[in-house]
Amino acid sequence: MEITPSENNSVMDEALRSELSKQGVFTTSLQELYNWGRKNSLWPLQFGLACCAIEMIAASMARFDISRFGAEVFRPSPRQADLMIVAGTVTKKMAPQVVRLYNQMPEPKYVIAMGACAISGGPFKQGYNVLKGIDRFLPVDVHIPGCPPRPEALLDALMALQKKIEQQSLTGVTRPRHLTEDARSEFPIPEFGEHDLVPSKNPELWFPPTPMKKP
Amino acid sequence: MPSEIAFFTFAGLTLISAIAAMTMRNLVYCGLCSAAAFAGIAAIYLQLSAEFVGFAQFLVYVGAIAILIVFTVLLTRGTDIKPTVAIVSRGWIAGVVIAGLVFASISVPVFMSATLWRTAPPEVAAPVEMIGLELMTRYILPLEAIGLLLTVALIGAVVIAMREKPAESIEPEVTDLEENSTPAPRFDVSSLEVKS
Amino acid sequence: MQSLEQIKVRIEQAVPGACVVIVANDALPTQSSLLLDHRHAVDVARFLRDDPELCFDYASNVTGVDRPESIIKEKVRVKKMVDGAECLIEEVSERKTRAYLEAVYHLYSMKLKHGPLIIRLQTENREEKTHLPSLTPVWRSCEFQEREAFDLFGILFDGHPDLRRILMWDGFKDFPMRKDYVDPDDYEYEPTPHDEVLERAKQHYKPEVQS
Amino acid sequence: MLGSGLIKGLAQTAKNFFGSYHDPARMVTVEYPEQKRVVPEASRTIPFLVYDGEDPELGLRCTACKICEVECPTQCIYIVKNTSKKPDHVGKMQFHPATFDIDISVCMGCGICAEVCPFDSIKMDQVFELSTADRFESLLLHKQQLAKPNSYFGKIHPTEAGEIDIRREQDKRKAEAKAKADAEAKARAAAEVQNAAANSAAPPPSPQTVTPA
Amino acid sequence: MTKLDQIFVSTKHWLVGLAPEMLQSLASILLSIIPIMAVFGGCFAVTTILERKGLGRIQNRFGPNRVGPFGFLQPMADGIKMLTKEDIVPFQSDKVMHFLAPIVLTVPIWLAFSVLPFGRNMVAVDFNAGILFFFAAGAASELAVFMAGWASQNKYSLMGAMRAMAQMISYEVPLVLSAIPVIMIAGSLSLPQIVEAQAGYGAGWFPQWHVFTPWGLAGFGLFLVAATAESNRSPFDLPEGESELIAGFLTEYSGFKYALFFLGEYLGLFAISGLAVTLFLGGWHAPLPILEWLPSWFWFFVKFASLIAAFIWVRGTMPRLRMDQLLNLSWKFLVPLAVLNLFVTAVWHFSSNWQSFGGLAARWLMCGGLLAAAYVLLGRSLSRGQGTPRKYTYAE
Amino acid sequence: MIAPREEFKSWQSGVAGNGSGNGSGNGSSYGAVRSSEAKLVKKTDDSLGGDLLEVAMGPHHPSTHGVFRMDVVLDGETVVKLKPVFGYLHRNHEKIGETNSYLAAIPYTDRLDYICSMTNNWAYVHTVEKLTGLQPPERAEYIRVIVAELTRLVNHTCLIGFLVQDMGALGTPLMYAFRERENIIDLFESLSGSRMMFNYMRFGGLRCDLPPGWIEQAKRVVANYSRFLDDYEALLSGNEILLARSQGVGVLKKDLAISAGVTGPMLRASGVNYDLRKVDQYGIYNRFQFRIPLGEHGDVFDRYMIRVLEMREAVKILDQALAQIPEGPINDPKAKLRGLRPKPGEVYGRIESPKGELGFYLITDGSPNPYRFRIRPPSLINLTILEDMCLGQSVADAVIILGSVDIVLGEVDR
Amino acid sequence: MTPLSYYLIFSALLFSIGFAGAVTRRNAIVVLIGIELMLNAANINFIAFWRFGPNAEAMTGIMFVIFSIAIAAAEAAVGLALIIAIYRHCKTANVDKLDTLQG
């Protein structure tokens, strides 16, 4: 049953697949079934922050109908949700709560950062109470730029996430985050300080590149 | 043989739950264990082919009395959930000793009697129609009495459990528009955090 | 609605000892305002609310304004004796303005449908004497807005029923809407760096930026 | 009263249920990845840079004047001027950007940059399928990604692009005409000078006319 | 005809016959249990997807349609996901009870199916106190809900559990009371016999179902309302009313345990719909004599499905009540009406020999009029002036 | 597939909403395990003999329309204390407004009350026009009225959808509301280019003129709208459950409403005739025939009904405006796009946004950006009396009372 | 078939458990549960004797148990209501502490 990571690449051609079927067909199909189930049943957390939440609601409404993807079951309780759509500006006052909600979700869980504010603070990044990107505290799977993104963009991101899940494997390098050995399903919650959140980012998660130099 | 296995299973479960119900510290557990004991007794009734009584037992004891007990536990919470007194005390020992004596005094005649070891006549049934007919003919007076009793108990329970004074409807505090009035602090003033 | 001068006279009649100053506004709509003194502010406000001709029963907008000390440079022509001869010399005189915080109230009347009447209150300075009388007992609508002015500007409203931080968290120490507020240093990577960002980047990415 | 309102409500939902099978006004879902709504012409998402002709580098209309960088409310534009100049559509020598970056993780698509651009260079795009897993690289668009041909602009904003094209064509023609007139005037002047020179019997300088590109 | 009708029964007999003598009773039990679990487990999957699609249609959208053909594999995907999802037991929770609650909810509901007659001769166990068994089995779910809410140690869970218990206790009374007239008329507690009592056609075409009598109609209405409340369906979904209590007693449940709750809730709905079909809608009888060629189980499931559809329809339309209004509705409206219905049923029963045209009309008018008058009076007193049209003035 | 996490070794255990948000003492420390003491029930001594339950509803709670928190103390299900907590969406609009130019502030106003971006635009440009004396031409005024009234339709429809959602209807009315909203959003998108953040108005005019065919499309949408309103009312207005839930719930008295500065439909539901469209007559509202519906009881049902009636009046205004709209320029010739530097002074301008009085208070000092940029949000001030309305009601009522106030957190917290 | 004495022993055990609980525990609710258990023990005896008795068709035992269950329901309702009332008054459900009458 041992499958090396290189073989277990989910984008495998038919020949390799038939060759594998002699020894590891079971694992492969189990993995496919697992990914298929996960990707087609992404229940989002009913959780709106700001403007983008309206477009998120619009995406679940008749015109765009996110339910076609099986994702209209907006669960108000994080325990039953799979997908956190961070839709809108995360303020510093709200950030601990968002992290807490993420921690309360069971694995496997995914995060979509919807809109400029959730990605980087967006137009409000100059503000003193605005968190400059939720990825400072949480691992984000898909980013959707736009302010706010159209509902179609959310559907597009959902499909991108589905594609990402589809390409994951149970073992090897392409395995999802929650199946790695030292997987963290909870991240430290920042605390309110006297001037700012303490700490203002999670150094284990946040690796920004060096900014360019203005000549 | 199968009937004995069933009996021992149910009886064992019932006794364990009953003991648990009597000894558990947490009152919610007590209530739930008593529910389990009542359910076990219902199963014993079924095993004794008293179908109607078994179902009635389950419906009344598990569906109503156990729920009531649990409800009461919640309404009177905070009293005995974590008792400070040790479970093994002098009173406790005395109680267990007396209970043992009671058990002995009942069980000794059972063991002594030879007739009690006989097994049952093969076919006995208590069809519901028969029960209904009996209730409506021979037992009509007790039935009426029970009906009266239940009504009285219902009213009595409501009266007893009613609050002594009817809950005053909480009037919204309207800011006084009269002169010279400062609205009363609506939250604890001591919690004000005024820093400059 | 009566003119501001009339209102001023009536206030001074009705509330003895009240000191009311008209603050001029040069902008196009000329919404001038009345500056009240602390001691009589609540009484004046109550008068404005209850007087049947004024009847300002509705305080629409309450806000704080930060006025830090600033230096106004004025060019003044001064007659001076230069070399024994009198001549006009342009001289730059520097004038320091008083530093204070200000609360501005916009009052309307729902009953008589007029307004706005703008009243303002000024603190003594920006550091420790930042107390102002609260007008929440007169108009409920000031409750949250005064709290907000406290939160963002640090104006302490005496007599406010529930003066806590409203927008920032309780442990927060600064008053972010003041002009001299310095943002917390939560600098992050910015791909489109502007000058101030680059300044911060130097602190955070010392080796990389220098290399 | 007495449940009639509930029944009315049930009738409404039943109407919608059955209506959704035959009434297009009630079944409004657009099945997104397969069907796509035509976005209106005015629709805007993120900015892009227009270039004329084939070569994005050569035909870029942007002159690195930095007005958009200054006016952008979110400061998501970053421009570095190139030191060299290249001629624009009317032949005037203009600077052009060495770097032109837009951070679309910050951009709020307000369109102010397109509004203030005096060179019709920065315009609003209509793409919205931009979702990506990579936060740092994919969301910083460089000049190469931003530059799109004028034909694309004409496709998404036909009215506006048409007007601009006509105006630019007029400008160009005017500039050409002006250049021609200038050249002629120069030539005439030169001729006059020549004549005068000839009259004064001095050797004339060889005339140099510049034809605009 | 009977072959098709009895196909499941004869198949079972044939299969039991194949088993060795010793194991025949066991085989018989298994062959009753397994099909019930398979059919209603399948029903659960199909209902969830149909509910989502139906609600979608009510709301003018498609609903899930991309997973598998027409989206019908959606429940499977959901199931796989739920099974593989992490099971979180909150740190402060009571772990044993947290674990037991979904089991205590699901198991008794499975038991309740054993007394429902799904077709002619198709009942797993024919207790002669079958209906009592049904209600007894249903009573356990209250405890399960309480356990779930209490074990979670979450304020919302506890409030949800308290609401659920109050609601279930209150609505069990009208539920049982509205079933009693049927027992009175049928003269039996056994569900197959109750179905038999509704056999035959009046005047050769008019089905003799209980719902087509004044007391039956009233009882059916009461039963449905009480059943909606018992199964926590909208507009009585207060225990998990998400706009107030996040997810009520389910707030702290995740993964497979949550799925079990979900399953239990739907099974409860199925069981009670099946009981409503049995008690009032003539069980497995065909609505018209000319349709009797269709097998009896077909008719049971047709009625069953239409009841489920009605529940979905109501769910898609109505807002929910408040807690005190919910209890008022039960104690001040449903219970008195159900008691009156008992009386009306007695009148109906003792006037059963008024078979002349005038007699029939008088019987109908008397019984129907009594119930209608009570309905109007109780309804008015319940709504207390609400619903009188309000006048709004305009300012120019 | 995944080993069950036996113990949720977390910093907290309660799900959503009951965590700390305000940081007042119950903030969890970074990396440290928070005390696992069961904070389930906090006993408070009360004279009634029951136990009080403290519940923090929000900031993540389905009923709070975003990130709002109500610290509620319950006796059974009755609210005995309610403390609103704001600031979870405090995006520093005012600070950003003070650092940006006058033009750059327009897109930010879109994001205040993100359902009614058009009226926010209008309020701001109205204020700046007051400051600078710019005068939009007639066509621009008509277009402003049209988009503002369309915004009113969008806001009120969605509000009713959310309100009924709060009452527990499974989203059906909300779906219908959004179905109709999409039609209006389509109009706005073809006009301004964006679905929500229109950035459409400019000082002394508008950014762009109507596209061809827009008026006809708008007329169609408006004509359909009154039909939709009939359907919507058939679904809701007579619904007994809705009546039972909303009548007599959350009563707001006239005097308190005035003192608390409540504005908009909520004020008019309490019977106060105060509509800035009539009082200030800004724009060209004096040219249209319309009436102001007034409630009598001031309860949730009146607030619902006033909004329905206002929508019907808005349809009337739209009919008139769409019929009368003249041709002409859309911008004041004096207006310029960039580099606005009003002379020093201050101004307060306000309009009737769908939620109430939306005001802007600007202090200028002659520089290209305002010295003080203050927004007077109707949503925040309408919440002043939330506790007064909720006391003595049940927790389910508190939810719909909050819903009937009609808040958008972007505006409440700014 | 299980002999009658098994049931009798079982019921005796149950009775003793209930008795011990009722005597030793202090909380009124547990005392009530103990009493209910004792009542149930008696009911088991009735059913068992009916089942094994000579004239089972008379159904006296069954009838007795039915009435007993009904009475138990009434008793539990009143008892628990009393406990709630006492708790509300004295803030305790501990029977030992209810000594106000002792003076």
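From a predicted model like this one, the values you see are computed outputs, not experimental measurements.

Here is what the cut-offs are and how they apply
- Residues numbered from 1 in each chain as written.
- Chains lettered and ligands numbered in written order.
- Predicted model: local features only at pLDDT ≥ 70, side-chain atom pairs only at ≥ 80, totals over all residues.
- Heavy atoms only, no water.
- Helix = DSSP H or I, 4+ residues; strand = E, 2+ residues; numbered from the N terminus.
- Buried < 20%, exposed > 50% of the residue type's maximum accessible area, 1.4 Å probe, protein only.
- Contact = heavy atoms within 4.5 Å.
- Pairing = 2+ DSSP bridges.
- Axes fitted to C-alpha atoms, helices over the stretch in contact; angles between N-to-C directions.
- Buried area = accessible area lost by both parts, 1.4 Å probe.
- Salt bridge = Lys/Arg side-chain N within 4 Å of Asp/Glu carboxyl O.
- Parallel < 35°, antiparallel > 145°, perpendicular 65-115°, else oblique.
- Left-handed = near helix turned anticlockwise from the far one by under 90°.
- Nonpolar A, V, L, I, M, F, W, Y, C, P; charged D, E, K, R; others polar.
- Phe/Tyr/Trp six-rings, centres within 6.5 Å; stacked < 30°, edge-to-face > 60°.
- Lys NZ or Arg CZ within 6 Å of the ring centre and 35° of its normal.
- pLDDT = per-residue confidence, 0-100.
- Patch = residues over 30% accessible without salt bridge, like charges linked within 9 Å, V, L, I, M, F, W, Y side chains within 5 Å.
- Areas by Shrake-Rupley, 256 points an atom, 1.4 Å probe, with all protein chains shown as cover.
- Expected span 1.5 Å × (residues − 1).
- Core = buried A, V, L, I, M, F, W, Y, C linked by side-chain atoms within 4.5 Å.

Caption draft 1: The overall build of chain A, seen in detail. If you tally the helices and strands in chain A, you get 5 helices and 5 strands. Tracing chain A from N to C terminus, the helices and strands come up as α-α-β-α-β-α-β-α-β-β. Taking all 215 residues of chain A together, 71% fall into the buried category. Contacts spanning at least 24 positions in sequence make up 75% of the contacts within chain A whose residues lie at least 6 apart.

Caption draft 2: Representation of the sheet that holds strand S9 (residues 372-376) of chain F within the structure. Residue and element names in this part refer to chain F. Reading across from one edge, S7-S8-S9 is the order of the 3 strands in this open sheet, with antiparallel pairing throughout. Two strands bound the open sheet, and with one partner strand each, they are strand S7 (345-353) and S9. Strand-to-strand, the axes of this sheet are offset by a mean angle of 10 degrees, without reference to chain direction. Relative to strand S8 (residues 356-364), S7 is paired through 9 bridges, and the arrangement is antiparallel. Each bridged residue has a counterpart across the sheet, and for Gly349 the counterpart in S8 is Phe360.

Caption draft 3: Broad picture of the interface of chain F and chain D. Tallying the contact residues gives 31 residues for chain F and 30 residues for chain D. Where chain F abuts chain D, roughly 2400 Å² becomes buried across the two surfaces, and 51% of that area is made up of carbon and sulfur atoms. On the chain F side of the contact with chain D, Arg179, Glu240 and Arg338 of chain F bury the most area, a combined 23% of that side's loss. At the junction of chain F with chain D, the criterion picks out 5 salt bridges.

Caption draft 4: Seen up close, the pattern of salt bridges. Per the stated rule, a full pass over the model turns up 86 salt bridges over all chains. We note a salt bridge from Arg195 of chain F to Glu55 of chain A, for which the minimum N-O separation is 2.8 Å. Highlighted residues: Arg195 of chain F in the loop between helix H5 (172-192) and strand S4 (201-202) and Glu55 of chain A in helix H2 (residues 51-60), drawn from two different chains. With respect to burial, Arg195 of chain F and Glu55 of chain A carry one shared label: buried. The partner of Arg135 of chain D in a salt bridge is Asp135 of chain A, and the shortest N-O contact between them spans 2.7 Å. You can see Arg135 of chain D sitting in the loop between strand S4 (122-124) and strand S5 (140-141) and its partner Asp135 of chain A sitting in the loop between helix H4 (116-120) and strand S3 (142-144), one on each of two chains. Neither residue differs from the other here; Arg135 of chain D and Asp135 of chain A are each classed as buried. By sharing partners, the salt bridges in this structure join Glu148 and Lys179 of chain C together with Glu94, Glu98, Arg372, Arg374 and Arg414 of chain F into a single network.

Caption draft 5: Molecular detail of the packing of helix H1 (residues 2-23) of chain B against helix H2 (residues 28-52) of chain G. H2 of chain G packs onto H1 of chain B with a crossing angle of 155 degrees between their chain directions and a minimal axis gap of 9 Å. The angle between the axes of H1 of chain B and H2 of chain G places the two elements in the roughly antiparallel class. Read as a crossing pair, H1 of chain B and H2 of chain G show a hand that is left-handed. Residue-level inspection shows Ala18, Ala21 and Met22 of chain B of H1 of chain B in contact with H2 of chain G, the latter providing Val30, Ile33, Gly34 and Leu37 of chain G. Residue composition of the contact of H1 of chain B with H2 of chain G, grouped by class: 6 nonpolar, 1 polar and no charged.

Caption draft 6: Geometry of the packing of aromatic side chains. Using the criterion set out here, one finds 71 aromatic pairs over all chains in the structure. With a centroid separation of 6.2 Å and an interplanar angle of 35 degrees, the aromatic rings of Tyr58 of chain C and Tyr108 of chain C are classed as tilted. On the criterion of sequence distance, the pair formed by Tyr58 of chain C in strand S3 (residues 58-67) and Tyr108 of chain C in strand S6 (residues 100-109) is long-range, its members being 50 residues apart. The buried category is assigned to Tyr108 of chain C, whose relative accessible area is 4%. Between Phe206 of chain E and Phe212 of chain E, the aromatic rings sit 5.3 Å apart at their centres with planes inclined by 50 degrees, giving tilted as the arrangement. Judged by relative accessible area, Phe206 of chain E falls into the partly exposed class, the value being 30%. Taken together, the aromatic side chains of Phe40, Phe44, Trp110, Phe113, Phe118, Tyr258, Phe262, Tyr266, Phe270, Phe300, Phe301 and Phe304 of chain E make up a single cluster linked through ring pairs. Lying across the ring of Tyr88 of chain F, Lys93 of chain A places its NZ or CZ 5.0 Å from the centre. In this arrangement the basic side chain of Lys85 of chain D is found over the ring face of Phe95 of chain D, its NZ or CZ atom lying 4.9 Å from the centre.

Caption draft 7: Focus on the confidence of the model for chain C. Residues and elements named next belong to chain C. Per-residue pLDDT for chain C has a mean of 82; in total, 90% of the residues score no lower than 70. Averaged pLDDT values over the elements of chain C bottom out at 48 in helix H5 (residues 206-210) and peak at 90 in S6. Across the whole predicted complex the pTM is 0.85, and at the interface the ipTM reaches 0.84.

Caption draft 8: The environment of Ala27 of chain C, seen in detail. Here Ala27 of chain C is to be found in the loop between strand S1 (21-23) and strand S2 (33-35). Setting aside anything within four residues of it in sequence, one finds Ala27 of chain C in contact with Leu131, Pro344, Gly345 and Glu346 of chain F.

Caption draft 9: Representation of the interface of chain B and chain G within the structure. Taken together, the contact pairs 85 residues of chain B with 74 residues of chain G. Roughly 6800 Å² of surface becomes buried between chain B and chain G when both sides are summed, with 78% attributable to carbon and sulfur atoms. Remark: the boundary between chain B and chain G carries 0 salt bridges. Of all the secondary structure elements, the ones that give two or more residues to the side of chain B that touches chain G are H1, helix H2 (27-47), helix H3 (51-75), helix H4 (90-112), helix H5 (128-136) and helix H6 (140-161) of chain B.

Caption draft 10: Inspection of a nonpolar patch on the surface at higher detail. Residue and element names in this part refer to chain E. Judged by side-chain polarity, Met22, Leu23, Leu26, Ile29, Leu30, Ile33, Ile34 and Met37 come together as a nonpolar surface patch covering roughly 780 Å² of accessible area. Note that Leu23 resides in the loop between helix H2 (7-18) and helix H3 (24-58). Assessed through its relative accessible area of 42%, Leu23 is described here as partly exposed.

Caption draft 11: View of helix H3 (residues 117-132) of chain F. Residue and element names in this part refer to chain F. With 16 residues, H3 extends 22 Å from end C-alpha to end C-alpha; this agrees with the ideal 22 Å at 1.5 Å per step. Counting buried positions over the 16 residues of H3 gives 14, a clear majority of the element. Just beyond H3, the residue with positive phi is Gly133, at close to 80 degrees.

Caption draft 12: Expanded view of the nonpolar core. Within the largest apolar cluster, 273 residues are counted, with the highest numbers of intra-cluster contacts made by Met84 of chain A, Leu48 of chain C together with Tyr114 of chain F. Of all the elements, helix H4 (residues 138-166) of chain F adds the most residues to this core, at 15 residues. Those residues within four positions of Leu48 of chain C in sequence are excluded, and the remaining contacts are Ile7, Ile11, Leu54, Cys55, Phe56, Leu107, Leu117 and Ile119 of chain C. Core analysis: the second largest hydrophobic core is formed by 186 residues, Val73 of chain A, Phe55 and Phe71 of chain B together with Val347 of chain E among them.

Caption draft 13: The sheet that holds S3 of chain A, seen in detail. All names here are of chain A. Spatial ordering of the open sheet is given by S1-S2-S3, a layout of 3 strands whose pairing is parallel. Only two strands of the sheet have a single neighbouring strand rather than two, namely strand S1 (83-87) and S3. Averaged over all adjacent pairs, the angle separating strand axes in this sheet is 15 degrees, with direction ignored. Here strand S2 (residues 110-114) pairs with S3 via 3 bridges, running parallel. By the bridge assignment, Met114 is partnered in S3 with Ile144. Helix H5 (residues 151-166) rests against S1, S2 and S3 of the sheet, and its axis sits at about 150 degrees to S2.

Caption draft 14: Representation of the environment of Ser25 of chain E. Among the secondary structure elements, Ser25 of chain E is positioned in helix H3. The spatial distance from the C-alpha of Ser25 of chain E to the C-alpha of Ser356 of chain E is 51 Å, given a sequence separation of 331 residues.

Caption draft 15: Expanded view of the confidence of the model for chain A. Residue and element names in this part refer to chain A. Per-residue confidence for chain A gives a mean pLDDT of 80, with 84% of residues at or over 70. When mean pLDDT is compared element by element in chain A, S3 scores highest at 91, while helix H1 (residues 14-40) scores lowest at 69. Per-residue pLDDT stays below 50 along residues 1-12; that stretch engages in 26 contacts with residues further than four places along the chain or on separate chains.

Caption draft 16: Local environment of the pairing of strand S3 (residues 93-103) of chain D. Residue and element names in this part refer to chain D. Note that strand S2 (residues 77-87) and S3 share 8 bridges and pair antiparallel. From the neighbouring strand, Lys81 faces S3, where its bridge partner is Pro97. Pairing analysis gives 2 bridges linking S3 to S5, with the strands arranged antiparallel. Bridge assignment links Asp103 to a residue of S5, and that residue is Leu140.

Caption draft 17: Just the packing of H3 of chain E against helix H4 (residues 74-84) of chain E, in detail. All names here are of chain E. Where H3 meets H4, the closest approach of the two axes is 8 Å, and the angle between their N-to-C directions is 115 degrees. In terms of orientation, H3 lies roughly perpendicular with respect to H4. In terms of crossing hand, the pair formed by H3 and H4 is right-handed. Seen from H3, the contacting residues are Ala45, Thr48, Ile49 and Arg52; seen from H4, they are Gln74, Pro75 and Asp78. When its residues are assigned to classes, the contact of H3 with H4 shows 3 nonpolar, 2 polar and 2 charged.

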